[in-house]
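Observations on chain architecture
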Amino acid sequence: LMEPTQVEIENFRRVQIEKYAFMYALNVAVGNNTTIPALLTIEEDADFLVHSITGSAYGPTDVNGARQASAATIFPLAGTTVGFADRGLMAKVTDTGSGRVLTNGWVPLETILTPGYGLSLDTPYPFKYLIRKNSKIQFDLRNRDTTANYYHFVSIVLNGTKYTG
């Protein structure tokens, strides 16, 4: 006879063969005054149920994501003309497999990612959506900051469950 804890562990092992927690991450630099498509590919081993989105975005940066704190920005810290441009990004999300657009046009990225963008990835945005294996989710990212030669660095994480069965 197995102890209750052993039964529970065996049950987790059995279930995790077909269902387990997983995260998909996307990291990209979006040049100022540009719009880029950023693709996140769901692997071919399992369907993926998204539970939430977390992420952060900051700028101005160089192409590698290093802060450029003294750079001018049209989205500056309050009361200044320089500083971190923690606004100015818009997003449109599309499931390329189904062709379904998952946003109502362009939405401010700070409404999806950690409130006010922040630098932590700990405030999830609820987003329940099943993505078929081997599909792509496209994040069209538009940077409205017009200061030349700078970027916004964006990190987006889809948190959810892989289903292999």
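Quick look at the structure, then. (Residues numbered from 1 in each chain as written. Predicted model: local features only at pLDDT ≥ 70, side-chain atom pairs only at ≥ 80, totals over all residues. Heavy atoms only, no water.)

**Describing the pairing of strand β8 (residues 136-143)**
Burial analysis of β8 places six of its eight residues in the buried class, the great majority of the element. Taken together, the seven bridges between strand β2 (residues 35-41) and β8 define a ladder with antiparallel strand orientation. Looking at the pairing, Ala38 lines up with Phe139 of β8. The pairing of strand β4 (residues 89-95) with β8 spans seven bridges and is classified as antiparallel. In the sheet register, Met90 faces β8, and the bridge partner there is Arg142. (Buried < 20%, exposed > 50% of the residue type's maximum accessible area, 1.4 Å probe, protein only. Helix = DSSP H or I, 4+ residues; strand = E, 2+ residues; numbered from the N terminus. Pairing = 2+ DSSP bridges.)

**Considerations on the packing of aromatic side chains**
If you walk through the whole model with that rule in mind, you get five aromatic pairs. Between Tyr20 and Phe22, the ring centres sit 6.4 Å apart and the planes meet at 80°, which makes this aromatic pair edge-to-face. Assessed through its relative accessible area of 26%, Phe22 is described here as partly exposed. With 6.5 Å between their ring centres and 50° between their planes, Phe127 and Tyr129 make a pair best called tilted. Accessibility assignment for this pair places Phe127 and Tyr129 in one class, buried. Three or more aromatic residues link up through ring pairs in this structure, and these residues are Tyr20, Phe22, Tyr24 and Phe48. Lying across the ring of Trp106, Arg142 places its NZ or CZ 3.9 Å from the centre. Geometry around Phe22 places Lys162 over its ring, the cationic atom sitting 4.1 Å from the centre. (Phe/Tyr/Trp six-rings, centres within 6.5 Å; stacked < 30°, edge-to-face > 60°. Lys NZ or Arg CZ within 6 Å of the ring centre and 35° of its normal.)

**Some thoughts on the pairing of strand β3 (residues 47-61)**
On a regular strand, each side chain points to the face opposite its neighbour's, so the side chains alternate between the two faces of the sheet. Where burial is concerned, most of β3 is hidden: 14 out of the 15 residues are buried. Examined bridge by bridge, β3 and strand β9 (residues 151-163) share twelve bridges and lie antiparallel to one another. Bridge assignment links Leu49 to a residue of β9, and that residue is Thr161. Where β3 lies against strand β7 (residues 125-131), five bridges are found, and the strand directions are antiparallel. Paired with Leu49 across the strands is Leu130, a residue of β7.

**Let's talk about the nonpolar core**
Judged by nonpolar contacts, the single largest core of 28 residues is most densely connected at Leu109, Leu113, Ile131, Phe139, Leu141, Val154 and Leu158. Listed by contribution, the elements that provide at least two residues to this core are β1 (19-31), β2, β3, β4, β7, β8 and β9. Those residues in contact with Val154 that sit more than four places away from it in its chain are Leu26, Asn27, Val28, Val30, Ser56, Ala57, Leu89, Leu109, Leu113 and Leu141. (Core = buried A, V, L, I, M, F, W, Y, C linked by side-chain atoms within 4.5 Å. Contact = heavy atoms within 4.5 Å.)

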